[in-house]
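Coordinates in review
Listed below, chain by chain, are the residues.
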Amino acid sequence: MNIKDIAKLSGVSVATVSRVINNQPNVRPEKRELVLSVMADHGYTPNIFARGLNSKSTKSIGILCSELDDINHAKILSLLEKQLREHGFSSFLCCSGEYRPYQREHFEFLMAKQVDAIIEIGSSYGDANDLEVYREVSEQVPLIILNGFVDVPTVYSIRCDERSAICNLVEELYKRNCRHIYYLEDNTTFCAVEKRNGFLEGVNKCNLKATSKCITIPIYSNEILDSQQKIERLIRNGRRIDAILSADDLLAVGALQALNAAGLGIPVVGFNNSDFAFACTPRLTTVDREFLCTNAINTLMSLLDGKDAAHHIIVSPKLIEGETFKLQA
């Protein structure tokens, strides 16, 4: 038995069962008794992540991320902490130090702090064992994935439609007569794969498979320098380049440096709307997804208030047009 089974047998939502298990308020007495009765009849007991029947909120939220020196993670962390503080919550940060599915010990660290909920920044594809950990955690406290997705019914996710964003950019560049489009990538997270698939989808739609390519930059390298060198090599080899799309502003800045040195003015688009986009010349066009934090906090507050919330929210990104999108190939 798991929390989803208990919810089905009780005729209530998974969120309601979770609130009963954690003795949280805003559950009608008759529903609470029904859930407890079903749990007793089927011998259900909370698993190793259970905190016990403690109705006292610690007013703290656990935040789980991979690399703390990732400028995009740092920006998201800052926004989350600020908004949580405005709602009267403190936060505990757990940094895994690597881009891979988060492990049991990371969640155990935060659960040991008696947090009221956990927000995870990004997600990588995991196996069945990883998904079981997510299921166990999400049955005990609200677990929200920010800009990622985990295929577990009790986990909430808020993410950006990055696949469509990249696909639409390819189609727009095609309309501007760009036929040789290069895409720079550096990761294998859920969102990184979505972006790559968006590029490939756009390339297929525009019949550009023979002329447009993906270029991978090692994740733990000097990404600006490596992307610059990759584009310089293409230019030296006489490759035609009509436009460059990038999974991240850092990679786009490196590409832009190579193009500037070669005197080439072509469209370049980054991603994440970081400070790097405003600190380069010409000013970089980028894609913004900053508003995801507000969506995550709103979902979290609804859950902690005993209300139901959408389990999967996909929001549209916003193109921030700098000077590099107006250039012609």
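Every chain is numbered independently, its residues counted from 1 as its sequence is written. Local features are withheld for residues below a pLDDT of 70 in this predicted model, meaning they are given only at 70 or higher, and side-chain atom pairs are given and counted only at 80 or more; totals for whole chains, interfaces and linings count all residues. No hydrogens and no water enter the side-chain calculation; it runs on all heavy atoms of the structure.

With that settled, the discussion passes to the overall build of the protein chain. Runs of E in the DSSP output that reach at least two residues are strands. Runs of H or I that reach at least four are helices, and both are numbered from the N terminus. When helices and strands are tallied, the protein chain shows 11 helices and 12 strands. In terms of its C-alpha atoms, the protein chain occupies a principal-axis envelope of roughly 75 × 35 × 30 Å. For the protein chain, buried positions account for 53% of its 329 residues. Looking at the protein chain alone, contacts between residues at least 24 apart form 73% of all its contacts between residues at least 6 apart. Total accessible area on the protein chain stands at roughly 14600 Å², and carbon and sulfur atoms take up 49% of it. When the 36 basic and 41 acidic side-chain charges of the protein chain are each reduced to a single mean position, those positions are 4 Å apart. Relative accessibility under 20% of the residue-type maximum defines a buried residue, over 50% an exposed one, and the middle range a partly exposed one, all with a 1.4 Å probe and only protein chains included. Whether two residues are in contact is decided by their heavy atoms: any pair within 4.5 Å suffices. Here the Shrake-Rupley method, with its probe set to 1.4 Å, supplies the accessible areas, and only the displayed protein chains count as covering residues. Lys and Arg are tallied as positive, Asp and Glu as negative. Neither His nor the chain termini are counted. Think of each charge as sitting on NZ of Lys, CZ of Arg, CG of Asp or CD of Glu.

What makes a salt bridge here is a side-chain nitrogen of Lys or Arg within 4 Å of a carboxyl oxygen of Asp or Glu, nothing more. A full pass over the atoms with the stated rule returns 13 salt bridges. Two residues, Arg159 and Glu194, come together in a salt bridge whose shortest N-O distance is 3.6 Å. Taken together, the positions of Arg159 in strand β5 (residues 156-160) and Glu194 in helix α8 (residues 190-205) put the pair 35 residues apart, joining distant regions of the chain. A salt bridge links Arg289 to Glu162; its shortest N-O distance comes to 2.5 Å.

With respect to topology, 4 strands assemble into an open sheet ordered β7-β6-β8-β9, the strand pairing being parallel. The sheet terminates laterally at β7 (213-216) and β9 (268-269), the two strands that pair on one side only. Here the rule is simple: two strands pair whenever DSSP picks up at least two bridges between them. Relative to strand β8 (residues 243-246), strand β6 (residues 181-185) runs parallel, the two sharing 4 bridges. Paired with Leu184 across the strands is Ser246, a residue of β8. For helices, the axis comes from a line fit to the C-alpha atoms of the stretch in contact; other axes are also lines fit to C-alpha atoms, and the angle between any two N-to-C directions lies between 0 and 180 degrees. Packing of α8 onto the sheet brings it into contact with β6, β7 and β8, and relative to β6 it is tilted by some 170 degrees. Against the sheet, helix α9 (residues 223-236) engages β6, β7 and β8, with an angle of about 135 degrees to β7.

With that settled, consider the packing of aromatic side chains. When two rings of Phe, Tyr or Trp (its six-membered ring) have centres within 6.5 Å they constitute a pair, described as stacked for plane angles under 30 degrees, edge-to-face for angles over 60, and tilted for the intermediate range. Overall, the coordinates contain 3 aromatic pairs when judged by the stated rule. Taking 5.3 Å as the distance between ring centres and 75 degrees as the angle between the ring planes, the aromatic pair formed by Phe107 and Tyr134 counts as edge-to-face. Highlighted residues: Phe107 in helix α5 (residues 104-112) and Tyr134 in helix α6 (residues 128-138), separated in sequence by 27 residues. In this pair, the class of Phe107 matches that of Tyr134, namely buried. On the numbers, 5.2 Å between centres and 20 degrees between planes, the contact of Tyr183 with Phe199 is stacked.

Among the 5 residues in β6, 5 count as buried, and that is most of the element. Direction of pairing for β6 relative to β7: parallel, over a ladder of 4 bridges. Bridged to Tyr182 within β7 is Lys213. Handedness of the crossover is the feature at issue here: the chain leaves β6, passes through α8, returns alongside β7, and the resulting connection is right-handed. When the strands point away from the viewer, a crossover counts as right-handed if the route from the first strand across the helix to the second turns clockwise.

Here the focus is the sheet that holds strand β11 (residues 312-315). Spatial strand order, β2-β1-β3-β4-β5-β11: 6 strands in an open sheet with parallel pairing. Each end of this open sheet is capped by a strand with a single partner; those strands are β2 (90-95) and β11. Shown here is a sheet whose adjacent strand axes are inclined to one another by a mean of 15 degrees, direction ignored. Sheet analysis places strand β4 (residues 143-146) next to β5, joined by 3 bridges and oriented parallel. When the bridges of β5 are listed, Ile145 appears paired with Ser157. Those strands touched by helix α11 (residues 292-304) are β1 (60-65), β3 (117-121), β4, β5 and β11, and its axis lies near 165 degrees from that of β5.

Glancing now at the nonpolar core. The criterion is simple. A nonpolar core is a set of buried Ala, Val, Leu, Ile, Met, Phe, Trp, Tyr and Cys residues joined through side-chain atoms within 4.5 Å. The biggest cluster of nonpolar side chains holds 25 residues, and the ones touching the most others in it are Leu80, Leu84, Leu146 and Leu300. Those elements that provide at least two residues to this core are β1, α4 (71-86), β3, β4, β5 and α11. Among the elements that line this core, the one with the most residues is α11, at 7 residues. Excluding residues within four positions of it along the chain, Leu84 makes contact with Ile61, Ile63, Phe89, Ser91, Ile297, Leu300 and Met301. Within the second largest apolar cluster, 20 residues are counted, among which are Ile241, Leu251, Ala258 and Ala277.

What follows covers the confidence of the model for the protein chain. One rule of thumb: low pLDDT means the predicted coordinates there are not for detailed reading. Counting all residues, the mean pLDDT for the protein chain is 87, and 92% of those residues have values of 70 or more. Note that residues 51-55 has pLDDT below 50 and, in this model, 17 contacts with residues that lie over four places away or in other chains. Per-residue confidence from the prediction method is given by pLDDT, with values spanning 0 to 100.

Within the span of helix α1 (residues 3-10), buried status applies to Ile3, Ile6, Ala7 and Ser10. Axial view of α1: buried residues confined to an arc of 100 degrees, hence all on one face. Looking at the packing, one finds that the buried side of α1 touches α2 (14-21) and α3 (29-41). Looking one or two places after α1, you find Gly11, whose phi comes out positive at around 75 degrees. An arc is given here, and it is the one of the directions from the helix axis to the C-beta atoms.

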